[in-house]
Amino acid sequence: MTIKYNLKTDLMYIHFSSGVPNIQMKTAHEDVSKFVAKANKNQIVGYEIENASKNMDFILEKLGLSRKQKLAVGMCFIRENKKKSQKEFSTIINVSESTYKSIEKAEHNIGFDVLDIIYDQFKKEEVLHKIF
Amino acid sequence: MEIRDDENKRIETVDAVGGLKVEIWTSDFQHALEGHPEVTLDRIRQALESPGQVIESQKSNRVCLFYSIGVKDREFGLIYFCVVVGVVRAGKGKLETAYETSYIKNGKVLFKKGGPK
């Protein structure tokens with residue numbers, strides 16, 4: 001999974017897989033479009049979300065994300081809002097840079113100790129409270 | 001290929017239609033490529049330099065969408081190649097991403113090939 005969020009444009013991109021030729025299509029939500037596989041319209045490869053900050057509830061509740069994927073979205077969103085790099089955030093939560101990157105890719109099975117640090121460091125971040 | 005934060009480099013600057021200089025950075029190009037294997041630098045250049053339409057996004061702040069001329073597809077109807085550009089300041093933009101799309105978004109038409117604004 002890859003996530004890209006730009007604070008200035010408030011655009012968020014979520015991709016569940018790479019290397020799959022895809023095409024953007026509308027959804028019922030006017031701020032959200034989906035990327036579907038060219039070979040199979042029913043396979044959703046990713047999403048583009050406009051006004052992402054206002055649509056965070058929708059992202060976390062309606063896109064069918066797993067807990068790990070929601071955490072990846074939340075961490076990327078918080079980090080970009082704080083204008084920090086992944087390296088800087090890895091230091092803040094006391095993990096290696098590669099581990100942090102894998103958290104934002106939803107590839108890392110996060111331990112309770114790291115979760116505690118995340119909660120402690122970002123306890124005022126509403127988005128985290130929506131995830132757990 | 002993973003690009004570290006300190007390895008992010010400008011690949012090139014494209015003179016887009018309308019006088020906007022659009023910078024393409026490795027991290028943004030890599031992201032576009034990972035999500036959309038149909039993306040190439042040539043297609044990005046072509047859409048920026050010779051688009052079918054340019055739309056100012058209604059939804060996102062300071063975003064311009066450069067659409068290629070539509071190509072007919074049996075499954076999806078018309079397909080456009082879209083380059084998403086964030087306007088950094090007057091006359092300067094930055095590639096956000098690029099992808100193929102089945103529709104053109106609503107917004108102010110900044111440019112339309114062969115037609116008035």
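See the structure above.
Values in this document were obtained by computation on a predicted structure and should not be read as measured data.

Peer 1: Just checking my understanding: could you explain the overall build of chain B for this structure?
Peer 2: Assigned secondary structure in chain B consists of 2 helices and 8 strands. Taking 2.2 N^0.38 as the reference for a compact globule, 117 residues should give roughly 13 Å; the C-alpha atoms of chain B span a radius of gyration of 14 Å, in line with that estimate. Across its three principal directions, the C-alpha atoms of chain B cover 40 × 35 × 25 Å. Burial status across chain B gives 38% buried among its 117 residues. A sequence separation of at least 24 residues applies to 49% of the contacts in chain B between residues at least 6 apart.

Peer 1: Whenever I open this one, the pairing of strand S4 (residues 32-37) of chain A confuses me. Can you help?
Peer 2: Looking down a regular strand, the side chains alternate between one sheet face and the other. Residues and elements named next belong to chain A. Sheet analysis places strand S3 (residues 22-26) next to S4, joined by 5 bridges and oriented antiparallel. Residue pairing across strands places asparagine 22 opposite alanine 37, the latter belonging to S4. Hairpin connection between S3 and S4: a loop of 5 residues separates the two successive antiparallel strands. As paired elements, S4 and strand S5 (residues 40-49) share 6 bridges and run antiparallel to each other. Opposite phenylalanine 35, over in S5, you have glycine 46 as the bridge partner. If you look at the hairpin formed by S4 and S5, you'll find 2 residues sitting between the two strands.

Peer 1: I keep staring at the interface of chain A and chain B and nothing clicks. Help me out?
Peer 2: Of the residues lining the interface, 25 residues belong to chain A; the matching set on chain B comes to 22 residues. For the side of chain A that touches chain B, the elements supplying multiple residues, two or more each, are strand S1 (2-6), strand S2 (11-15), S3 and helix H3 (86-92) of chain A. Of the residues forming the side of chain A that touches chain B, the biggest block, 5 residues, is contributed by S3(A). Across the side of chain A that touches chain B, the residue classes break down as 6 nonpolar, 12 polar and 7 charged.

Peer 1: Where do I start with the nonpolar core in this structure?
Peer 2: When a protein is soluble and globular, its nonpolar side chains tend to lie buried together. Counting 60 residues, the largest nonpolar core has Leu65(B), Phe66(B), Cys82(B), Val83(B) and Ala98(B) as its most contacted members. Counting residues per element, this core draws most heavily on strand S6 (residues 77-89) of chain B, which supplies 7 residues.

The rules we used
- Residues numbered from 1 in each chain as written.
- Chains lettered and ligands numbered in written order.
- Predicted model: local features only at pLDDT ≥ 70, side-chain atom pairs only at ≥ 80, totals over all residues.
- Helix = DSSP H or I, 4+ residues; strand = E, 2+ residues; numbered from the N terminus.
- Rg over C-alpha atoms; globule rule 2.2 N^0.38 Å.
- Buried ≥ 20, exposed ≤ 12 C-beta atoms within 10 Å, placed from the backbone.
- Contact = placed C-beta atoms within 7 Å.
- Pairing = 2+ DSSP bridges.
- Nonpolar A, V, L, I, M, F, W, Y, C, P; charged D, E, K, R; others polar.
- Core = buried A, V, L, I, M, F, W, Y, C linked by C-beta atoms within 7 Å.

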